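# Commentary on secondary and tertiary structure
Now for the letters of each chain:
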Amino acid sequence: MTLYATLEEAIDAARETFLADNPGLEEDEADVEQFNMQKYILQDGDIMWQAEFFAEEDEEGECVPMLSGEAAQSVFDGDFDEIELRQEWLEENTLHEWDEGEYQLEPSQDTEEGQTAADEWDER
């Protein structure tokens, strides 16, 4: 699993991965049916992103399904508003790092950083 500091970087990497997984397919010929993304909050409070594209709508990945059909294709083609995608993200789907490389849906409260993240979580 590779995480990215910005959603745009995550989408670019997902596009590259999709094309690498479908050799012989040119970027302008790609037919994407599903776009998934995941938001992570690391122990130090940094926000990271992961994204993935699939050719079939029912494929499962590591991320939360967000868009399908034409909307997913638009994101693949670079025709999207990052702010709008962030606004559509449901905060209850955010994964919080509780141990190096281990994530859960709620922040850990047994460390100072975890308690701070939990307090910020509660304020939302």
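Everything that follows concerns the structure shown earlier in this document.
All of the points below concern the structure found in this document. Just so it is clear, the model here is predicted, and its values are computed rather than measured. Sequence positions are assigned chain by chain, starting from 1 and proceeding in written order. Reporting in this predicted model follows two pLDDT cut-offs: at least 70 for local features of residues, and 80 or more for side-chain atom pairs to be given and counted; totals over whole chains, interfaces and linings ignore these cut-offs and use all residues. Think of the side-chain values as coming from all heavy atoms in the structure, minus any hydrogens and water.

## So, the nonpolar core
Only buried residues count toward a nonpolar core. Its members are Ala, Val, Leu, Ile, Met, Phe, Trp, Tyr and Cys residues joined through side-chain atoms within 4.5 Å. Remark: exposure states derive from per-residue accessible area (1.4 Å probe, protein chains only) relative to the maximum for the residue type, with buried under 20%, exposed over 50%, and partly exposed in between. Counting 19 residues, the largest nonpolar core has Ile 11, Phe 18, Phe 35, Phe 53, Val 75, Phe 76 and Leu 85 as its most contacted members. Within the residue set of this core, elements represented by two or more residues are helix H1 (7-21), strand E1 (34-41), strand E2 (47-54) and helix H2 (69-76). Each helix is a run of H or I in the DSSP string that is no shorter than four residues. Each strand is a run of E no shorter than two, and both are numbered from the N terminus. Counting residues per element, this core draws most heavily on H1, at six residues. Should any heavy atoms of two residues lie within 4.5 Å, those residues are considered in contact. Beyond its immediate stretch of four places on either side in the chain, Phe 53 contacts Ile 11, Ala 14, Arg 15, Phe 18, Val 32, Gln 34, Phe 35, Ala 72, Val 75 and Phe 76. Among the nonpolar cores identified, the runner-up in size contains five residues, and Leu 3, Tyr 40, Leu 42 and Leu 95 belong to it.

## Description of the side chain of Gln 50
Note that Gln 50 resides in strand E2. The term polar contact refers here to a pair of N or O atoms within 3.5 Å; inside protein, the definition further demands a hydrogen-donor-capable atom paired with an acceptor-capable atom, and it admits residues adjacent in sequence only when both atoms are side-chain atoms. Of the polar contacts made by the side chain of Gln 50, one reaches the side chain of Glu 62; its length is 3.0 Å. Apart from residues no more than four positions distant in its own chain, Gln 50 is found in contact with Met 1, Thr 2, Leu 3, Ala 10, Asn 36, Met 37, Gln 38, Tyr 40, Glu 62 and Cys 63.

## Structural notes on the environment of Ile 47
The topology assignment puts Ile 47 in strand E2. Exposure remark for Ile 47: the relative accessible area of 37% places this residue in the partly exposed category. Along the primary structure Ile 47 and Leu 7 are separated by 40 residues, whereas in three dimensions their C-alpha atoms are 9.7 Å apart.

## What to know about the pairing of strand E4 (residues 95-99)
Sheet topology places E1 next to E4; two bridges connect them, and they run parallel. In the sheet register, Tyr 40 faces E4, and the bridge partner there is Leu 95. With antiparallel pairing between neighbouring strands as the criterion, E4 and strand E5 (residues 102-104) make up a hairpin whose turn holds two residues, including Gly 101 at a positive phi of roughly 80 degrees. Each pair of strands is called paired provided DSSP finds at least two bridges between the two strands.

## Considerations on the packing of aromatic side chains
Think of it this way: a Phe, Tyr or Trp ring, Trp meaning its six-membered ring, pairs with another when their centres are within 6.5 Å, and the plane angle makes it stacked under 30 degrees, edge-to-face over 60, tilted otherwise. Considering all chains together, one arrives at five aromatic pairs under this definition. Ring plane angle 80 degrees and centroid distance 6.3 Å describe the contact between Trp 49 and Trp 89, whose orientation is recorded as edge-to-face. With Trp 49 in strand E2 and Trp 89 in the loop between helix H3 (82-88) and E4, this pair connects stretches of sequence that are 40 residues apart. Judged by relative accessible area, which is 5%, Trp 89 ranks as buried.

## What to know about a negative patch on the surface
Negative charge collects at one region of the surface, where Asp 31, Glu 56, Glu 57, Asp 58 and Glu 60 lie side by side. With respect to the secondary-structure elements, Glu 57 resides in the loop between E2 and strand E3 (64-68). Each patch is built from salt-bridge-free residues with over 30% relative accessible area, joining like charges within 9 Å and nonpolar side chains (Val, Leu, Ile, Met, Phe, Trp, Tyr) within 5 Å. Each accessible area is a Shrake-Rupley result for a 1.4 Å probe, and residues are judged covered by the shown protein chains and nothing else. Salt bridges are defined as contacts in which a side-chain nitrogen from Lys or Arg sits within 4 Å of a carboxyl oxygen from Asp or Glu. Working convention for charge: Lys and Arg count positive, Asp and Glu count negative, and His plus the chain ends are omitted. Charged side chains are reduced to one point each, which is NZ for Lys, CZ for Arg, CG for Asp and CD for Glu.

## Considering H2
Within the span of H2, buried status applies to Gly 69, Ala 72, Gln 73, Val 75 and Phe 76. Buried residues of H2, viewed axially, fall in a sector of 160 degrees; they line one side. Its buried side turned inward, H2 meets H1, E1, E2, E3 and H3. Within two residues after H2, Gly 78 carries a phi angle of roughly 85 degrees, on the positive side. In this context, the arc is that of the directions from the helix axis out to the C-beta atoms.

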